[in-house]
Amino acid sequence: MKTVKLGSSDIQVSEICLGSMTWGQQNSQEEAFEQLDYAVNERQINFIDTAEMYAVPPSKETSGLTETYIGNWFAANPGKREDLILATKIAGAGIPWIRGAGPITADVIMSSIDGSLKRLQTDYIDLYQLHWPNRTTPHFSKHWPAAIDPSSNNIEQERDNMLSVLEALKVAVQSGKIRECGLSNETPWGIGEYRHLAEKHDLPKMVSIQNEFSLLHLKDWPYLIESCINNDLAYLPWSPLAGGALSGKYANGQKPEGARWTMVQRNGIFRDTSHSHAAIAEYKAVADKHGLSLTQMCLAWVYQLTGVTSSIIGATSMEQLKEDLDAYDVALSDEVLSDIDTVIKQYPQPF
């Protein structure tokens, strides 16, 4: 497993990041430990991503449980913490049981970090990320024309809040509680504003952005990814299998017991559309034609795409985890890539 630089930081991360959002909901602590043991010890994964609101789908009962599982694993594996790059996130507005659904502000940064540190049983976080912006952005199926109204945003208020958040993050960096800062579910405008404010006021630079990205959700290509490359910002795709849909497990109307589409989602099952199912069937035909696993073909395409730094994967079983990691060694021929391009052009935005 290769490691690469995390944006403009000095941190080296594996090209696959182990996501953890199912731990505490679909996965027990024992299963989380098994995934960590295998990914870290057998496959040289050194990058782990979590969040204060996990597990997902979020609930008051499971909030923070994923971080707790990871902290318990550190406690059970003395010495492992120093080998890993640990990323977590502060939740944005809208979660009633986290700060009364309040937004990300300077006033809550330190208490959020301290809560994560306690659950993770560590003294520092390598990458501390803002889970989603305070303003409404074109994420979670809001990317269609007129789905949001950017003109309704108070830009000066947004900038003032961004500046105060960066100032709070600087205090956290200086205290040694976090090493680097990153964004999640952001847009080119938000990334640019944080960059300009950091440069102007000598504040921590954002070194990474994690957004949803897969063969079913390509809206970051090429404009946001080009910006990441040119500004030395790490691009971290989450849900490279579109919430598991690109495994083909929902084909023909199937809803396997315990699968994500059988659960109530905070933003709805927005990937479940007729165009999504048609696109998945076409990708399956390409995989079958070339003797490939659909899962591995779709993951390999993301893993190998120019501009992708480290892909965040998640699994609810060891079988899934092994297949996802094995995809790292799958080479896609020019013919496979051409056939994939044909499907992309037929279904450029299926949900």
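In what follows, the structure referred to is the one given above.
Residues numbered from 1 in each chain as written. Predicted model: local features only at pLDDT ≥ 70, side-chain atom pairs only at ≥ 80, totals over all residues. Heavy atoms only, no water.

Concerning the environment of Leu 120
Along the polypeptide, Leu 120 turns up in helix H3 (residues 106–120). You can call Leu 120 buried: its relative accessible area is 0%. Between the alpha carbons of Leu 120 and Leu 86 there is a distance of 9.5 Å; along the sequence they are 34 residues apart. Contacts of Leu 120, omitting those with residues within four sequence positions, involve Thr 50, Glu 67, Ile 70, Gly 71, Phe 74, Leu 86, Thr 88 and Ile 125. (Helix = DSSP H or I, 4+ residues; strand = E, 2+ residues; numbered from the N terminus. Buried < 20%, exposed > 50% of the residue type's maximum accessible area, 1.4 Å probe, protein only. Contact = heavy atoms within 4.5 Å.)

As for the pattern of salt bridges
Evaluation of the coordinates by the stated rule reveals 18 salt bridges. Asp 288 is the partner of Lys 284 in a salt bridge, and the nearest nitrogen-oxygen pair spans 2.9 Å. Taken together, the residues span about one helical turn, with Lys 284 and Asp 288 both in helix H7 (residues 274–289) at a distance of four residues. Using a relative accessible area of 37% as the deciding quantity, one classes Lys 284 as partly exposed. (Salt bridge = Lys/Arg side-chain N within 4 Å of Asp/Glu carboxyl O.)

Quick word on the pairing of strand S8 (residues 206–212)
Residues in a regular strand point their side chains to alternate faces of the sheet. Most of S8 sits out of view: seven of its seven residues are buried. Pairing of strand S7 (residues 178–184) with S8 involves three bridges; the strand directions are parallel. Each residue of the ladder has a partner; that of Ser 184, found in S8, is Gln 210. Where the polypeptide runs from S7 across helix H5 (residues 188–201) and back to S8, its parallel neighbour, the crossover connection is right-handed. With helix H6 (residues 223–230) bridging S8 and the parallel strand S9 (residues 234–238), this β-α-β connection has right-handed handedness. (Pairing = 2+ DSSP bridges. Right-handed = clockwise from strand over helix to strand, strands pointing away.)

Side note on the side chain of Asp 220
Relative to the helices and strands, Asp 220 resides in the loop between S8 and H6. A distance of 2.7 Å separates the side chain of Asp 220 from the side chain of Tyr 235, its partner in a polar contact. Ignoring anything within four residues of it in the chain, the contact list for Asp 220 reads Asn 211, Glu 212, Phe 213, Ile 225 and Tyr 235. (Polar contact = N/O pair within 3.5 Å; in protein donor to acceptor, adjacent residues only side chain to side chain.)

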